[in-house]
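# Architecture and fold: a report
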Amino acid sequence: MELANAFTAPRIFLLGPHGSGKSSIGRQLVEQGYVHLSIGLIGRLARRRLPVADLPVSLLHVMARHTPGEALESRAAAEILQYARTLPKVVIDGFPGHVEHLGLVGDMPQWQFVYVLTPRSVREGRLELRAATSRRGWTPGGKSPRDALLPVLCRHLRNQDRLLCVSNRIDTVN
């Protein structure tokens, strides 16, 4: 089964540590009619003050202040969710970042929560290449503050039977 065929909801959250392949999956889902919102990419573009077609100015404004690797602040989380709800099919990667974000979601049954499982060696290889080829602040071997919050979020979603896990062993670099 192709990885993108595992998803059934019109609204999807992709969870996983940096380098797990969330954005690669998001790009696959674009081919199925989804709008892909990458928290990392939106933040990078907003901080560089680059125009992003179709994104609300209010979202870009709060994302310009977002610290890479951190979980989104409540205002930024609310802005991304407000925009996402206007789209018929959307996939957000890198959000939610912690259990408190779930209280902002509200319409939980409309969302599919997907954890992207990737071997550590593959993730580390991706992060090492990113560190060598981009200005992103990756630290191979370390965890970002957002990555450190993922186990508690995933445990909470598993306890509610709300978490789908998919394996992403594809050796690609974003």
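This text gives an overview of the structure that appears in the document.

Basis of the calculations
- Residues numbered from 1 in each chain as written.
- Predicted model: local features only at pLDDT ≥ 70, side-chain atom pairs only at ≥ 80, totals over all residues.
- Heavy atoms only, no water.
- Salt bridge = Lys/Arg side-chain N within 4 Å of Asp/Glu carboxyl O.
- Helix = DSSP H or I, 4+ residues; strand = E, 2+ residues; numbered from the N terminus.
- Buried < 20%, exposed > 50% of the residue type's maximum accessible area, 1.4 Å probe, protein only.
- Phe/Tyr/Trp six-rings, centres within 6.5 Å; stacked < 30°, edge-to-face > 60°.

It is worth spelling out the pattern of salt bridges at this point. In the structure shown here, the tally under the stated rule is two salt bridges. The residue Asp 107 makes a salt bridge to Arg 85 at a minimum N-O spacing of 3.2 Å. In this pair, Asp 107 is assigned in the loop between α5 (99-105) and β4 (111-117) and Arg 85 in the loop between α4 (74-84) and β3 (90-93), connecting sequence segments 22 residues apart. The shortest N-O distance in the salt bridge between Asp 147 and Arg 146 comes to 3.3 Å. Exposure class is identical for Asp 147 and Arg 146. Each is buried.

For the structure shown, the criterion picks out three aromatic pairs. With a centroid separation of 5.6 Å and an interplanar angle of 65°, the aromatic rings of Phe 13 and Phe 95 are classed as edge-to-face. Pair noted here: Phe 13 is in strand β1 (residues 11-15) and Phe 95 is in the loop between β3 and α5, with a separation of 82 residues, a long-range link. Phe 95 matches Phe 13 in its accessibility class, with the two residues each being buried. Both rings, one in Phe 13 and one in Trp 111, keep their centres 4.0 Å apart while their planes meet at 10°; by these two values the pair is stacked. Of this pair, Phe 13 sits in strand β1 while Trp 111 is found in strand β4, placing the two residues 98 residues apart along the sequence. As far as burial versus exposure is concerned, Phe 13 and Trp 111 are alike and both buried. Taken together, the aromatic side chains of Phe 13, Phe 95, Trp 111 and Phe 113 make up a single cluster linked through ring pairs.

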